Amino acid sequence: PPYVFFLMRQVEPCYFTEADRFVARSKGPVGFAGFQCRHCAGHAGLGKYFPLNSKALSTNSTSQNIHAHLLKCRKSTQVVKDELVYLKNEKLKSPRLVPGWRKTFFEQVWERLHGDKVNLN
(Lines give C-alpha, C1' and ligand atoms only; values in the text may rest on other atoms or scores of the structure.)
Protein backbone atom coordinates (compact mmCIF):
# COMPACT_ATOMS: atom_id res chain seq x y z
CA PRO A 1 0.00 0.00 0.00
CA PRO A 2 1.46 3.33 -1.08
CA TYR A 3 0.66 5.15 2.19
CA VAL A 4 2.48 2.67 4.43
CA PHE A 5 5.44 2.41 2.04
CA PHE A 6 5.79 6.19 1.87
CA LEU A 7 5.42 6.49 5.64
CA MET A 8 8.14 3.92 6.29
CA ARG A 9 10.48 5.63 3.81
CA GLN A 10 10.42 8.64 6.15
CA VAL A 11 12.21 6.74 8.94
CA GLU A 12 15.71 5.28 9.27
CA PRO A 13 17.29 2.78 11.65
CA CYS A 14 18.71 3.99 14.96
CA TYR A 15 19.82 2.41 18.23
CA PHE A 16 18.53 3.00 21.73
CA THR A 17 20.85 5.01 23.97
CA GLU A 18 20.75 5.80 27.67
CA ALA A 19 19.58 9.33 26.74
CA ASP A 20 16.55 7.82 24.94
CA ARG A 21 15.35 6.16 28.15
CA PHE A 22 13.77 9.41 29.34
CA VAL A 23 12.33 10.73 26.09
CA ALA A 24 11.52 7.76 23.86
CA ARG A 25 9.52 5.90 26.55
CA SER A 26 11.02 2.52 25.76
CA LYS A 27 12.01 -0.34 28.00
CA GLY A 28 14.48 -1.71 25.45
CA PRO A 29 18.13 -2.23 26.32
CA VAL A 30 20.85 0.19 25.21
CA GLY A 31 21.81 -0.75 21.65
CA PHE A 32 18.30 -2.03 20.82
CA ALA A 33 17.37 -1.32 17.19
CA GLY A 34 14.50 1.01 16.42
CA PHE A 35 13.87 3.78 13.94
CA GLN A 36 13.75 7.54 13.84
CA CYS A 37 12.50 10.32 11.62
CA ARG A 38 14.98 10.72 8.78
CA HIS A 39 14.28 14.43 8.59
CA CYS A 40 15.16 15.44 12.16
CA ALA A 41 17.03 12.27 13.20
CA GLY A 42 14.72 11.99 16.20
CA HIS A 43 15.94 15.30 17.62
CA ALA A 44 15.25 15.64 21.35
CA GLY A 45 13.84 12.11 21.42
CA LEU A 46 10.81 13.04 19.36
CA GLY A 47 10.31 10.93 16.28
CA LYS A 48 12.14 7.89 17.72
CA TYR A 49 10.40 4.55 18.02
CA PHE A 50 11.55 1.35 19.72
CA PRO A 51 8.74 -1.23 19.47
CA LEU A 52 9.65 -4.35 21.43
CA ASN A 53 8.35 -6.86 18.87
CA SER A 54 6.90 -7.11 15.38
CA LYS A 55 3.35 -7.12 16.73
CA ALA A 56 3.89 -3.76 18.46
CA LEU A 57 5.52 -2.44 15.28
CA SER A 58 2.53 -3.44 13.14
CA THR A 59 -0.13 -1.66 15.19
CA ASN A 60 -2.05 1.24 13.72
CA SER A 61 -0.96 3.40 16.65
CA THR A 62 2.71 3.13 15.59
CA SER A 63 1.81 4.29 12.07
CA GLN A 64 -0.37 7.06 13.47
CA ASN A 65 2.44 8.23 15.78
CA ILE A 66 4.89 8.39 12.86
CA HIS A 67 2.32 10.20 10.72
CA ALA A 68 1.60 12.74 13.47
CA HIS A 69 5.30 13.34 14.08
CA LEU A 70 6.00 13.94 10.40
CA LEU A 71 3.19 16.47 10.11
CA LYS A 72 4.64 18.41 13.08
CA CYS A 73 8.33 17.88 12.31
CA ARG A 74 10.07 21.16 11.53
CA LYS A 75 12.56 19.47 9.23
CA SER A 76 10.04 17.47 7.20
CA THR A 77 9.27 19.30 3.96
CA GLN A 78 5.83 20.52 2.99
CA VAL A 79 6.00 18.17 0.00
CA VAL A 80 6.35 15.17 2.35
CA LYS A 81 3.53 16.42 4.57
CA ASP A 82 1.22 16.99 1.60
CA GLU A 83 2.00 13.56 0.16
CA LEU A 84 1.28 11.89 3.51
CA VAL A 85 -2.11 13.57 3.77
CA TYR A 86 -2.92 12.76 0.14
CA LEU A 87 -1.91 9.09 0.42
CA LYS A 88 -3.79 8.63 3.68
CA ASN A 89 -6.95 10.04 2.08
CA GLU A 90 -6.46 7.77 -0.96
CA LYS A 91 -6.02 4.80 1.36
CA LEU A 92 -9.49 5.43 2.77
CA LYS A 93 -10.95 5.24 -0.77
CA SER A 94 -9.07 2.09 -1.79
CA PRO A 95 -10.53 -1.39 -1.65
CA ARG A 96 -9.51 -3.47 1.35
CA LEU A 97 -6.22 -5.30 1.08
CA VAL A 98 -5.66 -9.01 1.56
CA PRO A 99 -6.13 -9.94 5.24
CA GLY A 100 -2.79 -10.32 7.01
CA TRP A 101 -0.82 -7.99 4.71
CA ARG A 102 0.06 -5.63 7.56
CA LYS A 103 1.39 -8.40 9.83
CA THR A 104 3.47 -9.85 6.99
CA PHE A 105 4.87 -6.47 5.94
CA PHE A 106 5.89 -5.43 9.45
CA GLU A 107 7.39 -8.84 10.23
CA GLN A 108 9.68 -8.23 7.24
CA VAL A 109 10.51 -4.73 8.53
CA TRP A 110 11.27 -6.26 11.94
CA GLU A 111 13.56 -8.86 10.38
CA ARG A 112 15.46 -6.19 8.47
CA LEU A 113 15.83 -4.14 11.64
CA HIS A 114 16.70 -6.94 14.07
CA GLY A 115 17.52 -10.09 12.11
CA ASP A 116 17.74 -13.11 14.39
CA LYS A 117 19.61 -11.35 17.18
CA VAL A 118 16.70 -10.24 19.38
CA ASN A 119 14.24 -12.18 21.48
CA LEU A 120 12.67 -10.15 24.30
CA ASN A 121 9.75 -12.52 24.89
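## Details of helix α4 (residues 60-72)
One full turn of an α-helix is made of 3.6 residues, so residues set three or four places apart face in the same direction.
Phase 1 of the analysis: The terminal C-alpha atoms of α4, which comprises 13 residues, lie 18 Å apart, in line with the 18 Å expected from a rise of 1.5 Å per residue.
Phase 2 of the analysis: Those residues of α4 lying buried are T62, S63, I66, H67, H69 and L70. Angularly, the buried residues of α4 cover 165° about the axis, an arc narrow enough to put them on a single face.

## Looking at the side chain of H67
Phase 1 of the analysis: Within the secondary structure, H67 is located in helix α4.
Phase 2 of the analysis: Among the residues examined, H67 registers a relative accessible area of 9% and is labelled buried.
Phase 3 of the analysis: Within the local environment of H67, its side chain forms a polar contact with the side chain of Y3, the two groups lying 2.9 Å apart.
Phase 4 of the analysis: Setting aside its immediate chain neighbours within four residues, H67 contacts Y3, L7, L84 and K88.

## Considerations on the nonpolar core
The nonpolar side chains of a soluble globular protein tend to be buried with one another.
Phase 1 of the analysis: Grouped together as the largest cluster of nonpolar side chains are 27 residues, with contacts concentrated most on M8, F35, I66, L84 and F106.
Phase 2 of the analysis: Put simply, the parts of the chain that give this core at least two residues each are α1 (2-8), β1 (11-15), β2 (33-37), α4, α5 (78-93) and α6 (101-114).
Phase 3 of the analysis: Every residue in contact with L84, bar those within four places of it in the chain, is listed here: Y3, F6, L7, H67 and L70.

## Section: the pattern of salt bridges
Phase 1 of the analysis: Counted by the stated rule, this structure contains two salt bridges.
Phase 2 of the analysis: Here D20 and K48 are joined by a salt bridge, their closest N and O atoms 3.0 Å apart. Residue D20 is found in helix α2 (residues 20-23), and its partner K48 is found in strand β3 (residues 48-49); the two are separated by 28 residues along the sequence.
Phase 3 of the analysis: With relative accessibility at 15%, the residue K48 sits in the buried group.
Phase 4 of the analysis: With a shortest N-O distance of 2.8 Å, K103 and E107 are connected by a salt bridge. You can see K103 and its partner E107 sitting in helix α6, four residues apart, about one turn around the helix.
Phase 5 of the analysis: Residue class for K103 comes out exposed when judged on its relative accessible area of 52%.

## Remarks on the sheet that holds β3
Phase 1 of the analysis: Taken in spatial order, the three strands make up an open sheet running β1-β2-β3, and their pairing is antiparallel. Every other strand in the sheet has two partners, leaving β1 and β3 as the edge strands with one partner each.
Phase 2 of the analysis: Two strands pair when backbone bridges link them, and β1 and β2 are joined in this way by five bridges, in the antiparallel orientation. Each bridged residue has a counterpart across the sheet, and for E12 the counterpart in β2 is Q36.

Parameters at a glance
- Residues numbered from 1 in each chain as written.
- Predicted model: local features only at pLDDT ≥ 70, side-chain atom pairs only at ≥ 80, totals over all residues.
- Heavy atoms only, no water.
- Helix = DSSP H or I, 4+ residues; strand = E, 2+ residues; numbered from the N terminus.
- Expected span 1.5 Å × (residues − 1).
- Buried < 20%, exposed > 50% of the residue type's maximum accessible area, 1.4 Å probe, protein only.
- Arc of directions from axis to C-beta.
- Polar contact = N/O pair within 3.5 Å; in protein donor to acceptor, adjacent residues only side chain to side chain.
- Contact = heavy atoms within 4.5 Å.
- Core = buried A, V, L, I, M, F, W, Y, C linked by side-chain atoms within 4.5 Å.
- Salt bridge = Lys/Arg side-chain N within 4 Å of Asp/Glu carboxyl O.
- Pairing = 2+ DSSP bridges.

Interpretation in functional terms is not warranted from these geometric data alone.
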